[in-house]
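# Report on the structure
Here is what each chain is made of, one letter per residue.
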Amino acid sequence: MIDLAFVRANLPVVEEKLRARGIDPAIALGDFTAIDRERRDAITQVETLKARRNKLTEEIARLRKSGADASAQTEETKSLKSEVEALESRATAADERLRAILQTIPNLPQDSVPVGSDEHGNVAEKHWGDKPGVDFAPRPHWELGEALNILDFNRAAKISGSRFVVHYGAGARLERALANFMLDLHTREHGYTEVLPPYMVNSKSLFGTGQLPKFAEDLFHCDDKDAYTPGELQDGDHWLIPTAEVPVTNLLRDETIDEAQLSISLCAYTPCFRSEAGSYGKDVRGMIRQHQFQKVELVKFTTPEKSNEEHEALTRHAETVLEKLGLPYRRMLLCTGDMGFASSKTYDLEVWLPGQNLYREISSCSNFQDFQARRANIRYRPSGGPFKSKLLKKSEYLHTLNGSGLAVGRTYLAILENYQQADGSIKVPEALVPYMNGQTVIAKQERIG
């Protein structure tokens, strides 16, 4: 959530940043200015009435001391008290209305983000790796996987519906190998602490990272006894997580961390559940847009001064996975119109898929600055320094970052397409051979049933 005080003090800047995102400020902000004026007027009147009440209190004391009648002043004081309470309620209500407006407004893009209306405004900052040169027509992963009997979309549809897949044999092992490889890389070489969080969260957690209330239709809500009521954030309801970003970020919700503990780097391997609302008819074949998939997520908590530096580091950690697997990719700096709701700056890593002759997003690495921390109330206590007392320093909102390190299913299909051989078999990337128990090639296996 954007800082309310910042919006009040920098309204033209906020309006400009919203327009850069393709959002009409008049619609997004609504009656913000009028509500804020109402709030300010109420506060001003409260201060005026309190000053009058203080004078009356002094006058009543003098009158009573001299034995004079103070009943009129006493009655006025009672009346002022009722007026002050009513005005304070108006100011509080106005504050709540302003915060309700801000809850639906996306984060403001950093100045370094290119202005653009959609993905065509994104900027390619880096290309890595050579596209595989083959003397045969490369096939898409769904054809390869089904021909090898390692992927089964039909039986998955039978037991769960569309946008699911079943993995068999070496295919199931490849998924597990990728997850273990990524976790080992990030914990051993990149300094992340592994976390195994719950796969269900409450609505307060989803609000903290920005999924609620705006994107409820993109989520799976559990049909338990505490049904979700729009507008209410509960502790006891349950949602399936769309990404490990949600439970891992909310580990520190409503907590204050000492600056000496920052930066904190966490990674988690979890299933992710997406309703894919609005995507029907898109990517209906294969594993691109599934209701359930696995992902290794990277999450960082840091100070405002270090967040851009940590963003570059986190993105580099995700790139390292692709490079060690020998998968060609490009780094895209997303424009203002293509960024996610909570992001202030995002890099997408897109892997080359020869079977489809295109690049496809495999990781999205974002700096949220204090947007999520403000919603989830995650703070840090600055260190005192040589001339500052720690006790006198107020706590501040820290910055949060996250990125896929990587989406396991998309890495899986990228391996199938980039390492396919003329006979339809799949060469196992060298980095994964130890995780595949020495297996170097995935050949056609016997069909189950």
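These notes cover the structure that comes with them.

Here is what the cut-offs are and how they apply
- Each chain has its residues counted from 1, running along the sequence as written.
- Residue-level local features of this predicted model are given only where pLDDT is at least 70; pairs of side-chain atoms are given and counted only at 80 or more, and the full residue set underlies all totals for whole chains, interfaces and linings.
- Side-chain figures throughout are based on the complete set of non-hydrogen atoms in the structure, without hydrogens or water.
- Helix numbers and strand numbers start at the N terminus; a helix is a DSSP run of H or I with at least 4 residues, a strand a run of E with at least 2.
- Three exposure classes are used, based on accessible area relative to the maximum for each residue type with a 1.4 Å probe and protein chains only: buried under 20%, partly exposed in between, and exposed over 50%.
- Here a residue-residue contact requires only that any non-hydrogen atoms of the pair lie within 4.5 Å.
- Computed with the Shrake-Rupley method and a 1.4 Å probe, the accessible areas treat only the protein chains shown as cover for residues.
- In summary, the charge assignment counts Lys and Arg as positive and Asp and Glu as negative, without counting His or the chain termini.
- Where a charge sits is defined by one atom per residue type, namely NZ (Lys), CZ (Arg), CG (Asp) or CD (Glu).
- Here a cavity denotes grid points, spaced 1 Å and computed from the protein atoms alone, that fit a 1.4 Å probe unable to get out, and a pocket denotes an open set having protein on both sides within 12 Å along at least 5 of 7 lines; residues with an atom within 4 Å of a point are the lining.
- Grid points are joined across faces, edges and corners, and a volume is the space filled by probe spheres set on the points.
- To estimate the expected span of a helix, count its residues, drop one, and scale the result by 1.5 Å.
- A pair of strands counts as paired when DSSP detects no fewer than two bridges linking them.
- Under the pairing criterion, centres of Phe, Tyr and Trp rings, with the six-membered ring standing for Trp, must be within 6.5 Å; the plane angle then separates stacked pairs below 30 degrees from edge-to-face pairs above 60, leaving the rest tilted.
- Only the stretch in contact is used when a helix axis is fitted, and all axes are lines through C-alpha atoms; the angle between N-to-C directions ranges over 0 to 180 degrees.
- An angle below 35 degrees is treated as roughly parallel, one above 145 as roughly antiparallel, one from 65 to 115 as roughly perpendicular, and anything else as oblique.
- If you view the pair so one helix is near and one far, a crossing is left-handed when the near helix is turned anticlockwise from the far one by less than a right angle, and right-handed when it is turned clockwise.
- Under the scheme applied, nonpolar residues are Ala, Val, Leu, Ile, Met, Phe, Trp, Tyr, Cys and Pro; charged residues are Asp, Glu, Lys and Arg; polar residues are all the others, including Gly.
- Any carboxyl oxygen of Asp or Glu within 4 Å of a side-chain nitrogen of Lys or Arg constitutes a salt bridge here.

Bringing the overall build of the protein into the picture now. Looking only at helices and strands, the protein features 13 helices and 18 strands. Projected onto its principal axes, the C-alpha coordinates of the protein cover approximately 110 × 55 × 35 Å. Burial analysis of the protein (449 residues in total) assigns 51% to the buried set. Contacts in the protein between residues at least 24 apart in sequence constitute 74% of all its contacts with a sequence separation of at least 6. Accessible area for the protein stands at about 21,400 Å²; split by element, carbon and sulfur atoms hold 49% of it. Across the protein, the 57 positively charged side chains and the 64 negatively charged ones have centroids separated by 2 Å.

Another aspect to go through is the layout of surface pockets. Approximately 220 Å³ is the volume attributed to the second largest pocket. As for the second largest pocket, its lining consists of 14 residues, and the residues nearest its centre are Ile2, Phe6, Asn107, Leu108 and Gln369.

Taking 1.5 Å per residue as the helical rise, helix 8 (residues 169-189) with its 21 residues ought to reach 30 Å, and the 30 Å between its terminal C-alpha atoms agrees with that figure. Those residues of helix 8 not exposed but buried are Ala170, Gly171, Leu174, Glu175, Ala177, Leu178, Ala179, Phe181, Met182, Leu183, Leu185 and His186. Once helix 8 ends, the next one or two residues include Gly191, with phi positive near 80°.

Strands sit in the order 8-14-15 across an open sheet of three strands; the sheet is mixed. Whereas interior strands pair on both sides, the edge strands pair on one side only; in this sheet they are strand 8 (256-258) and strand 15 (396-397). When strand 14 (residues 379-381) meets strand 15, the two strands line up antiparallel, connected through two bridges. Bridge assignment links Arg379 to a residue of strand 15, and that residue is Tyr397.

On to the packing of aromatic side chains, then. Within the structure shown, the criterion is met by five aromatic pairs. Ring centres of Phe215 and Phe341 lie 5.4 Å apart, and the angle between their planes is 80°; on these two criteria the pair is classed as edge-to-face. Here the residue Phe215 occupies a position in the loop between helix 9 (203-209) and strand 6 (220-221), and Phe341 occupies one in the loop between strand 11 (329-333) and strand 12 (345-353), the gap between them amounting to 126 residues. Judged by relative accessible area, Phe215 falls into the partly exposed class, the value being 26%. What makes Phe341 buried here is its relative accessible area of 11%. The interplanar angle of 80° and the centroid separation of 5.6 Å between the aromatic rings of Phe341 and Phe371 together place this pair among those described as edge-to-face. Of the two residues, Phe341 sits in the loop between strand 11 and strand 12 while Phe371 sits in helix 12 (residues 371-376), which places them 30 residues apart along the sequence.

Another aspect to go through is the environment of Ala443. By secondary structure assignment, the location of Ala443 is in the segment after strand 18 (441-442). Separated by 22 residues in the primary sequence, Ala443 and Gln421 place their C-alpha atoms 10.0 Å from one another. Apart from residues lying up to four places away in sequence, Ala443 is in contact with Leu148 and Ser425.

Running from amino to carboxyl end, helix 8 crosses helix 11 (residues 307-324) at an angle of 130°, the nearest separation of the two axes being 11 Å. With respect to each other, helix 8 and helix 11 are oriented oblique. For the element pair helix 8 and helix 11, the recorded crossing hand is right-handed. Touching Phe181, Met182, Leu185, His186 and Glu189 of helix 8 are His317, Thr320, Val321 and Lys324, all from helix 11. Split into classes, the residues belonging to the contact of helix 8 with helix 11 amount to four nonpolar, three polar and two charged.

Successive side chains on a regular strand alternate, one facing one side of the sheet and the next facing the other. Counting buried residues along strand 11, four of its five residues qualify, which places the element largely inside the surrounding structure. Two elements, strand 1 (residues 123-128) and strand 11, share five bridges in a ladder whose sense is antiparallel. Bridge assignment links Lys126 to a residue of strand 11, and that residue is Arg331.

Read across the open sheet, the eight strands follow the order 1-11-12-13-16-10-9-4; overall the sheet is mixed. In this open sheet, the two edge strands, each paired with only one partner strand, are strand 1 and strand 4 (193-195). Each adjacent strand pair in this sheet contributes to an overall mean axis angle of 25°, direction not counted. Helix 11 contacts strand 1, strand 10 (292-302), strand 11, strand 12, strand 13 (358-369) and strand 16 (399-407) of the sheet and is inclined by roughly 5° relative to strand 16.

Let us look at the pattern of salt bridges. Here the structure, examined in full by the defined rule, presents 27 salt bridges. A salt bridge links Glu276 to Arg289; the shortest N-O distance between them is 3.7 Å. Residue Glu276 is found in the loop between strand 9 (264-273) and strand 10, and its partner Arg289 is found in the loop between strand 9 and strand 10; the two are separated by 13 residues along the sequence. Here Glu276 falls in the buried class, since its relative accessible area comes to 14%. Residue classification places Arg289 among the buried positions, given a relative accessible area of 17%. With a closest N to O distance of 3.0 Å, Lys300 and Glu310 form a salt bridge. Of this pair, Lys300 sits in strand 10 while Glu310 is found in helix 11, placing the two residues 10 residues apart along the sequence. Judged by its relative accessible area of 3%, Lys300 is buried. Exposure remark for Glu310: the relative accessible area of 13% places this residue in the buried category.

What follows deals with the packing of helix 8 against helix 13 (residues 408-418). Interaxial distance between helix 8 and helix 13 falls to 10 Å at its minimum, and their mutual angle equals 120°. Helix 8 and helix 13 meet at a crossing whose hand is right-handed. Note on element contacts: helix 13 touches helix 8 through Val408, Gly409, Thr411, Tyr412, Ile415 and Leu416, opposite Gly171, Leu174, Glu175, Leu178 and Met182. Grouping the amino acids of the contact of helix 8 with helix 13 by side-chain chemistry returns seven nonpolar, three polar and one charged.

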